[in-house]
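# Chain and residue survey
Take a look at the letters that make up each chain.
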Amino acid sequence: RGLKVLIFDDVELSTETMNELAQSIRINTSLEALHLNNVGEIASWKSMFESLHDNTTLRTLKIGQNQFDEKDMQAFVEALCVNQSLRSVTLSGCDLVDDDLILIGDRMSDMKGLEDLDLSFNSFGTKGVMGLRQGLSSNASLQQMSLFDSAWNVGGHKTFSCEGYANENEMIQDLLKRNRAS
């Protein structure tokens, strides 16, 4: 049996606590959902993301409203490529920029398990969205992507139809529909 869901939302965690939690996640065999939204300033998320390489039970990871540096993002993307059991990831409100989305898009073909990715309320622009679109063309597992109220998105319409980005929206929606149909 064991713990299925662990929620640390809106709690200040120290880097030491995060590293200890990462060690537990690495060897855990029951946890299915981990919520670490808005946990304060963590010096590095690398140990947490690396722990996902070994965890095979986690299905949902919510880490919104946190800040990640370039090394954290690289470790995160690598974890999404290695961990095939993780299905849903939320990175909303993390101040992600174009380079972060391009990094995700560049490795999207290796993300075999990911089905739902929430990148809402971030600061990326058209270049980042184009990087995601290119990556999505070689990914067959992602079925849902949320980009609401981000810098490139005027209004955050639930239909994912944003003014001035009709072509990008249509291409992304077509690719997601293809994945849902397969």
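All values derive from a computational prediction rather than experimental measurement. (Residues numbered from 1 in each chain as written. Predicted model: local features only at pLDDT ≥ 70, side-chain atom pairs only at ≥ 80, totals over all residues. Heavy atoms only, no water.)

Let us look at helix α4 (residues 98-107). Within α4 the residues assigned to the buried category are Asp100, Leu101, Ile104 and Gly105. Down the axis of α4, the buried set is contained in an arc of 135°. They therefore lie on one face. Those residues of α4 that are exposed and aimed more than 90 degrees away from the buried face are Asp99 and Asp106. For α4, the secondary structure elements touched by its buried residues are α3 (70-82), β5 (116-118) and α5 (126-136). (Buried < 20%, exposed > 50% of the residue type's maximum accessible area, 1.4 Å probe, protein only. Helix = DSSP H or I, 4+ residues; strand = E, 2+ residues; numbered from the N terminus. Arc of directions from axis to C-beta. Contact = heavy atoms within 4.5 Å.)

Turning our attention to the pattern of salt bridges. Counted according to the given criterion, the structure contains six salt bridges. Across the salt bridge formed by arginine 26 and aspartate 54, the nearest N and O atoms sit 2.7 Å from each other. Taken together, the positions of arginine 26 in helix α1 (residues 15-27) and aspartate 54 in the loop between α2 (46-51) and β3 (60-62) put the pair 28 residues apart, joining distant regions of the chain. By relative accessible area, which is 24% here, arginine 26 ends up partly exposed. Given a relative accessible area of 43%, aspartate 54 falls into the partly exposed group. Notably, a salt bridge pairs lysine 46 with glutamate 50, separated by 3.7 Å at the nearest N-O pair. On the criterion of helical spacing, the pair formed by lysine 46 and glutamate 50 is a turn pair, its members being four residues apart in helix α2. Overall, lysine 46 belongs to the partly exposed group, its relative accessible area being 40%. The partly exposed category is assigned to glutamate 50, whose relative accessible area is 31%. Through salt bridges with shared partners, a single ionic network connects Glu78, Arg107 and Asp110. (Salt bridge = Lys/Arg side-chain N within 4 Å of Asp/Glu carboxyl O.)

Further remarks concern the environment of leucine 103. Along the chain, the position of leucine 103 falls in helix α4. Classification of leucine 103 as partly exposed rests on a relative accessible area of 24%. Each residue touching leucine 103, except ones within four places of it in the same chain, is listed here: Met73, Gln74 and Val77.

The quantities given are spatial measurements derived from coordinates; they are silent on function.
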